[in-house]
Amino acid sequence: QVQLVESGGGLVQAEGSLRLSCATSGRPFNTYSMGWFRQAPGKEREFVAAISWSGGSTSYAESVKGRFSISRDNAKNTVFLQMNSLKPEDTAVYYCAVHPWASLSGSHSRTGEYVYWGQGTQVTVSS
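Residues numbered from 1 in each chain as written. Predicted model: local features only at pLDDT ≥ 70, side-chain atom pairs only at ≥ 80, totals over all residues. Heavy atoms only, no water.

Q: How would you summarise the overall build of the chain if you had to cite specific residues and measurements?
A: Secondary structure assignment for the chain yields zero helices and 11 strands. Computed over the C-alpha atoms, the radius of gyration of the chain is 13 Å, within 12% of the 14 Å expected from 2.2 N^0.38 for a compact globule of 127 residues. Taken along its principal axes, the extent of the C-alpha atoms in the chain is 45 × 30 × 25 Å. Going through the 127 residues of the chain one by one, you find that 43% of them count as buried. (Helix = DSSP H or I, 4+ residues; strand = E, 2+ residues; numbered from the N terminus. Rg over C-alpha atoms; globule rule 2.2 N^0.38 Å. Buried < 20%, exposed > 50% of the residue type's maximum accessible area, 1.4 Å probe, protein only.)

Q: So, the pattern of salt bridges: which residues are in play, and what are the values?
A: Overall, the coordinates contain five salt bridges when judged by the stated rule. In this structure, the salt-bridge partner of Glu 113 is Arg 110, at a minimum N-O distance of 2.9 Å. (Salt bridge = Lys/Arg side-chain N within 4 Å of Asp/Glu carboxyl O.)

Q: Please set out the packing of aromatic side chains residue by residue, giving values where relevant.
A: What the rule picks out here adds up to six aromatic pairs. Ring geometry for Phe 37 against Trp 117: centres 5.0 Å apart, planes inclined by 55°, an arrangement best described as tilted. Here the residue Phe 37 occupies a position in strand E4 (residues 33–39), and Trp 117 occupies one in strand E10 (residues 116–117), the gap between them amounting to 80 residues. Within the aromatic cluster, the residues linked to one another by ring pairs are Phe 37, Phe 47, Tyr 114 and Trp 117. The ring of Trp 117 carries the charged tip of Arg 45 above its face, separated from the ring centre by 5.1 Å. (Phe/Tyr/Trp six-rings, centres within 6.5 Å; stacked < 30°, edge-to-face > 60°. Lys NZ or Arg CZ within 6 Å of the ring centre and 35° of its normal.)

Q: Before we move on, can you summarise the sheet that holds strand E3 (residues 18–25) with the specific residues and values?
A: Read from one edge of the open sheet, four strands run E1-E3-E8-E7, paired in antiparallel fashion. The sheet terminates laterally at strand E1 (3–7) and strand E7 (68–73), the two strands that pair on one side only. Going across the sheet, the axis of each strand differs from the next one's by a mean of 15°, ignoring polarity. The sheet contact formed by E3 and strand E8 (residues 78–83) spans six bridges and is antiparallel. (Pairing = 2+ DSSP bridges. Axes fitted to C-alpha atoms, helices over the stretch in contact; angles between N-to-C directions.)

Q: Lay out the nonpolar core in plain terms, naming residues and giving numbers.
A: Soluble globular proteins tend to bury their nonpolar side chains together. By size, the foremost hydrophobic cluster in this structure holds 31 residues, and its most contacted members are Met 34, Trp 36, Leu 81, Met 83 and Tyr 94. Looking at this core, the elements with two or more residues in it are E3, E4, strand E5 (46–51), E7, E8, strand E9 (92–99) and strand E11 (121–126). Setting aside residues up to four positions removed in sequence, Leu 81 forms contacts with Leu 18, Arg 19, Leu 20, Trp 36, Val 48, Ala 49, Phe 68, Ser 69, Ile 70 and Tyr 94. (Core = buried A, V, L, I, M, F, W, Y, C linked by side-chain atoms within 4.5 Å. Contact = heavy atoms within 4.5 Å.)

Q: Just give me the short version of the pairing of E11, but keep the residues and values in it.
A: Covered by surrounding structure in E11 are Thr 121, Val 123 and Val 125 only, the residues Gln 122, Thr 124 and Ser 126 on the alternate face being uncovered. In terms of strand pairing, strand E2 (residues 10–13) meets E11 through four bridges, oriented parallel. In the sheet register, Gly 10 faces E11, and the bridge partner there is Val 123. Strand direction decides the pairing type here: E9 and E11, joined by three bridges, are antiparallel.

Q: Tell me about the state of the cysteines, and please be specific about residues and values.
A: A covalent bond bridging the sulfur atoms of two cysteines is what the word disulfide describes. Inspection of the entire model under this criterion finds one disulfide. The disulfide partner of Cys 22 is Cys 96, and the gap between their sulfur atoms is 1.9 Å. Disulfide Cys 22-Cys 96: torsion about the S-S bond near 55°, hence right-handed. Of this pair, Cys 22 sits in strand E3 while Cys 96 sits in strand E9, and the two are 74 residues apart along the sequence. (Disulfide = S-S within 2.5 Å.)

Here it is, written out as structure tokens:
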């Protein structure tokens, strides 16, 4: 079975940092890209970042560009989201997801493009 397990969420003060991790088991595809999404209370789930299988290509939402960084370690089947300079508006449940294409086509920003999802981890930024 394909499973994605997220960790690293928590409570942090504004301007602080957190690093989220997402471990994938069951090898969904031979090669695949990964994405991070988030959903704040009362809001729709929105795209945060994506990374190609090789790690050579990344894509970010404008709201997090310059503050967040996505990376992956395929030997450990893990993708990371380093979040710096956090703001209260970053408060949300963060989800990782698997995209079946190895390379990024466009931004890979639509939720419907992803086929496997993690359970989500809560990130709360206080001011």
